[in-house]
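# Survey of secondary and tertiary structure
Below, each chain spelled out in residue letters.
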Amino acid sequence: MWRADTSLIGLNILLNTACLAAGHQSDERYDPPKCHPDTRKAVIGEILSWVDSKDPEKRIKWISGPAGAGKSSIAQTIAEICDNEGKLVSSFFFSRTSTSTGRDDGKKLVPTIAYHLSIAIPATKEFILAEIERNPGILTYSMKVQVQKLVMEPLQHATAQHDTVKECTPELVIIDGLDECNDRKVQVMIIQVLTWVSSQLSVHLRFLITSRPELEIRNTFDSRSVRDLCTRLVLDDHYAPDKDIEIYLRSEFARIKEGHTLASVLSGDADQWPSERDIWRLVRKSSGQFIYASTVIKYVENNRRDPREQLRTIIDIQPGGVCRESPYAELDAVYTHILETVVILHDYNSISPIFMVLSYTTSFLWTSIPRYRRQAPIDILTISKLAIFLGFTPSIIKLLLVDLHSVMHIPSSALTEHRQFIHFSHASFRDFLRDSSRSGNFFISKEKAHVFLGKRCFTTILEAGPSPVLSEDSKGGVQRYAFCAYFYHMIQSEFDEEVLQSLRELENAQEVVQKIILQLSIDVIGDILDQMFTFNLTAMDSSDLAVPATERLSDICGYISSAVDEVPWDDNNSLEAIISFKMSKLFPKKANNMYYFWKVVVLDSPTRAKSYF
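For clarity, every value in this text was computed on a predicted model and none was experimentally measured.

### Side note on the overall build of the chain
- Along its length, the chain carries 29 helices and 9 strands.
- The buried share among the 613 residues of the chain stands at 54%.
- Of the contacts formed within the chain by residues at least 6 apart in sequence, a portion of 75% connects residues at least 24 apart.
- When the accessible surface of the chain is split by element, carbon and sulfur atoms take 51% of a total near 27,000 Å².

### Looking at the pattern of salt bridges
- This structure, assessed with the given rule, holds 25 salt bridges.
- A salt bridge links Lys61 to Glu46; the nearest nitrogen and oxygen atoms lie 3.5 Å apart. Residue Lys61 is found in strand β1 (residues 60-64), and its partner Glu46 is found in helix α2 (residues 41-53); the two are separated by 15 residues along the sequence.
- Taking relative accessible area as the criterion, Lys61 reaches 3% and is therefore assigned buried.
- Here Glu46 falls in the partly exposed class, since its relative accessible area comes to 29%.

### A word on the packing of aromatic side chains
- Tallying each qualifying case throughout the model produces 12 aromatic pairs.
- The interplanar angle of 75° and the centroid separation of 5.0 Å between the aromatic rings of Tyr348 and Phe442 together place this pair among those described as edge-to-face. In this pair, Tyr348 is assigned in helix α16 (residues 348-360) and Phe442 in the loop between α20 (436-439) and α21 (446-463), connecting sequence segments 94 residues apart. Each member of the pair, Tyr348 as well as Phe442, carries the same accessibility label: buried.
- Put simply, the rings of Tyr335, Tyr348, Phe355, Phe424, Phe429, Phe432 and Phe442 pair up and form one aromatic cluster.
- Between Lys144 and the ring centre of Trp196, over which it is positioned, the NZ or CZ distance is 4.6 Å.
- When the ring centre of Trp50 is taken as reference, the NZ or CZ atom of Arg206 above it lies at 4.9 Å.

### Focus on the packing of helix α6 (residues 143-161) against helix α7 (residues 184-198)
- Close contact between α6 and α7 brings their axes to 10 Å; oriented N to C, the two are set at 45°. Between α6 and α7, the interaxial angle falls into the category oblique. Crossing geometry of α6 relative to α7 is assigned as right-handed. Only Val186, Met189, Ile190, Val193, Trp196 and Val197 of α7 make contact with α6, whose side of the interface consists of Met143, Lys144, Val147, Gln148 and Met152.
- Across the contact of α6 with α7, the residue classes break down as 9 nonpolar, 1 polar and 1 charged.

### Comments concerning the pairing of β1
- For β1, the tally of buried residues reaches 5 of 5 residues, placing the bulk of the element in the interior.
- What you see with β1 is no split at all: Ile60, Trp62 and Ser64 on one side and Lys61 and Ile63 on the other are buried throughout.
- One ladder, built from 5 bridges, connects β1 with strand β4 (residues 206-211); its direction is parallel. Each residue of the ladder has a partner; that of Ile60, found in β4, is Phe207.
- Relative to strand β5 (residues 230-234), β1 is paired through 5 bridges, and the arrangement is parallel. Note on β5: the bridge partner recorded for Ile60 is Cys230.

### Looking at the environment of Ile44
- For Ile44, the location among the structural elements is in helix α2.
- Taking relative accessible area as the criterion, Ile44 reaches 11% and is therefore assigned buried.
- Along the sequence, Ile44 and Ile74 sit 30 residues apart, while their C-alpha atoms lie 7.1 Å from each other.
- Ignoring anything within four residues of it in the chain, the contact list for Ile44 reads Cys35, Thr39, Thr77, Ile78 and Ile81.

### A look at the nonpolar core
- Counting residues in hydrophobic clusters, the biggest one holds 75 residues, and the most contacted among them are Leu249, Phe253, Phe355, Leu404 and Met408.
- When residues in this core are grouped by element, the largest group, 9 residues, is from helix α22 (residues 474-492).

### Things to note about the confidence of the model for the chain
- Put simply, the chain has an average pLDDT of 79, and 72% of its residues get 70 or more.
- Least confident of the elements in the chain is helix α29 (residues 606-611), whose mean pLDDT is 42; most confident is strand β3 (residues 172-176), at 97.
- Predicted confidence is poor over residues 366-375, with pLDDT under 50, and the contacts of this stretch with residues over four places away or in other chains come to 29 contacts.

### Some words on unusual backbone geometry
- The linkage connecting Trp273 with the following residue, Pro274, adopts the cis geometry, with an omega of -10°.
- Take Pro274: it is sitting in the loop between α11 (263-268) and α12 (276-286).
- A positive phi angle is found at Ser287, which is not glycine, with a value near 50°.
- Note on placement: Ser287 falls in the loop between α12 and α13 (290-300).

### A short note on the side chain of Ser439
- You can see Ser439 is positioned in helix α20.
- For Ser439, a relative accessible area of 4% gives the class buried.
- Only 3.5 Å separates the side chain of Ser439 from the backbone nitrogen of Phe443, close enough to count as a polar contact.

### Digging into the side chain of Ser91
- Relative to the helices and strands, Ser91 resides in strand β2 (residues 88-93).
- A distance of 3.0 Å separates a polar atom in the side chain of Ser91 from the backbone nitrogen of His24.
- Once residues lying within four places of it in the same chain are set aside, the contact partners of Ser91 are Ala22, Gly23, His24, His116 and Ile174.

### Here we look at the sheet that holds β1
- Pairing within the open sheet is parallel, and its 5 strands lie in the order β2-β3-β4-β1-β5. The outermost strands of the open sheet, each flanked by one partner alone, are β2 and β5. If you compare each strand with its neighbour and ignore which way they point, the axes differ by 15° on average.
- The sheet strands contacting α2 are β1, β3, β4 and β5, and the helix crosses β4 at an angle near 150°.
- Relative to the sheet, α7 contacts β1, β3 and β4, its axis offset from that of β4 by approximately 160°.

### Things to note about the environment of Arg212
- When you line up the elements, Arg212 lands in the loop between β4 and α8 (215-222).
- As a C-alpha pair, Arg212 and Ser64 span 148 residues in sequence and 5.3 Å in three-dimensional space.
- Excluding residues that lie within four positions of it along the chain, Arg212 makes contacts with Trp62, Gly65, Ala67, Lys71, Arg96, Asp179, Ile217, Ala427, Ser428 and Asp431.

### Quick notes on the environment of Lys107
- Mapped onto the elements of the fold, Lys107 is located in the loop between β2 and α4 (109-120).
- Relative accessible area serves as the criterion here: at 60%, Lys107 is assigned to the exposed category.
- It is 8.9 Å that separates the C-alpha atoms of Lys107 and Thr17, two residues lying 90 residues apart in sequence.

### Details of helix α3 (residues 71-84)
- Taking 1.5 Å as the rise per residue, α3 with 14 residues should run 20 Å; its terminal C-alpha atoms sit 20 Å apart, in good agreement.
- Close packing links the buried residues of α3 with α2, β1, β2, β3 and β4.
- Trailing α3 by a residue or two, Gly86 shows a phi angle of about 70°, which is positive.

Cut-offs and rules
- Residues numbered from 1 in each chain as written.
- Predicted model: local features only at pLDDT ≥ 70, side-chain atom pairs only at ≥ 80, totals over all residues.
- Heavy atoms only, no water.
- Helix = DSSP H or I, 4+ residues; strand = E, 2+ residues; numbered from the N terminus.
- Buried < 20%, exposed > 50% of the residue type's maximum accessible area, 1.4 Å probe, protein only.
- Contact = heavy atoms within 4.5 Å.
- Areas by Shrake-Rupley, 256 points an atom, 1.4 Å probe, with all protein chains shown as cover.
- Salt bridge = Lys/Arg side-chain N within 4 Å of Asp/Glu carboxyl O.
- Phe/Tyr/Trp six-rings, centres within 6.5 Å; stacked < 30°, edge-to-face > 60°.
- Lys NZ or Arg CZ within 6 Å of the ring centre and 35° of its normal.
- Axes fitted to C-alpha atoms, helices over the stretch in contact; angles between N-to-C directions.
- Parallel < 35°, antiparallel > 145°, perpendicular 65-115°, else oblique.
- Left-handed = near helix turned anticlockwise from the far one by under 90°.
- Nonpolar A, V, L, I, M, F, W, Y, C, P; charged D, E, K, R; others polar.
- Pairing = 2+ DSSP bridges.
- Core = buried A, V, L, I, M, F, W, Y, C linked by side-chain atoms within 4.5 Å.
- pLDDT = per-residue confidence, 0-100.
- Polar contact = N/O pair within 3.5 Å; in protein donor to acceptor, adjacent residues only side chain to side chain.
- Expected span 1.5 Å × (residues − 1).

Have a look at this one:
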């Protein structure tokens, strides 16, 4: 019998694992890109016809196109239309630049769909939550098992018990930006699992997937088992993007003329602005990429500048360099110009650290005890945290970014501090920065970025002092990130004498390390030890530095082991307490032994873990 207390427990577990920030209505995605009125009519019409067709043979539709083609805008528009018409079950918008909320994590997809399903079709809720309460570990099972137990079977049970579920129930699940999922193997798995679901005639779900045509994704859709159940839509010239871009530009320029600080001047201009020739040239420069047109509009509408001069600058930009023939040549030229304008006012060495953080930081989940309390992301992507991490003030961060609104999302000061997240407006700008052939002098090197970020983590650890207290404010959040991410960044960096020296210095910070570890959860400690093991292997590959690096690493692992002994685990986590205690006793300052015990015994086989006791 399903009970209210069961519902609460199951719901908390599900919320803890799902990624609500990935939905089409989430606050994090505000204001999401969507198709401008009167544009993309043919594409939207074709998709909606497929949604309504009820074709049992083609339950997956793959929309593919290059970066900036407008895939996310189309997905958002379809989500809003179908939600209003009661046809939408779930939506998940992946994003490589939103690691802090898990929007890059494919393993959060099924729990999110299950949560949305419980709302879209209320009759499924009792079965979903009852299954989670019966077996909380279901959310760590394979994606196929999760889909079966949390999506397919609840739908089947609800249909069998409630006649109304059979009629006019929503069927559409939207997955946008699959290529932005952080694991290519998971990308392939998602397609394969959804294909399997689509082949089950007893489950009436349809899946709209958008992505770039990346190799692994393309090959999976080309496989025989998938292509027979899938229909495709390629965003190419067949759908006349130039006409849609022209409509968009005309409408946006009309808005600028009415709302800009110089509106009276623009409206009274004897010459038509913009001219027909200007519109035509912008359409041609866009090459079918809506992101180009969108970036141009954001650049031109800057209230600190004369829109006429801004537009003339864009029109006069000519792509150059080795990528002149690149499909992104015009877009790269705009990105380059924007950065060149900014560095006139600010040294790029002051701005590039911000780009390093946005391009190469990761995130961790801060898990409180008990285990199934809501997880909070450990990140440094708000203005206040970014300022603390880089040693700036929030005001300086805002001043450095004041002329980058055309390529970045800069939050309003009216938002509360913890909601002031900074991110790139589009993944193409991060791609630009990380490709030296496209960005030239503005290139952000992966190896150098991780060295820099590792150093900042270490500086933060030292600045915490001998008796750090990890508060719940931005400073505490930065300190948590610094300790959790230090080895992650070191693993990704160039392993040299400079890195080794930071390890020597970390040894001198033994007391600080132990104080901080006392305030970390067992899950986070496990992540850190996993990073340290990988880092140890990296050190061994550098023959000249292998011995001293391994010695330093063993010492640091020892600090963690001894600190774990002091963690006051509560009675509800007795197994974790035993594991923690035995972990420190079994670990004789050798990273590989710790790794084996933690990864193989504890995580992969709890039964074998108990045998150690």
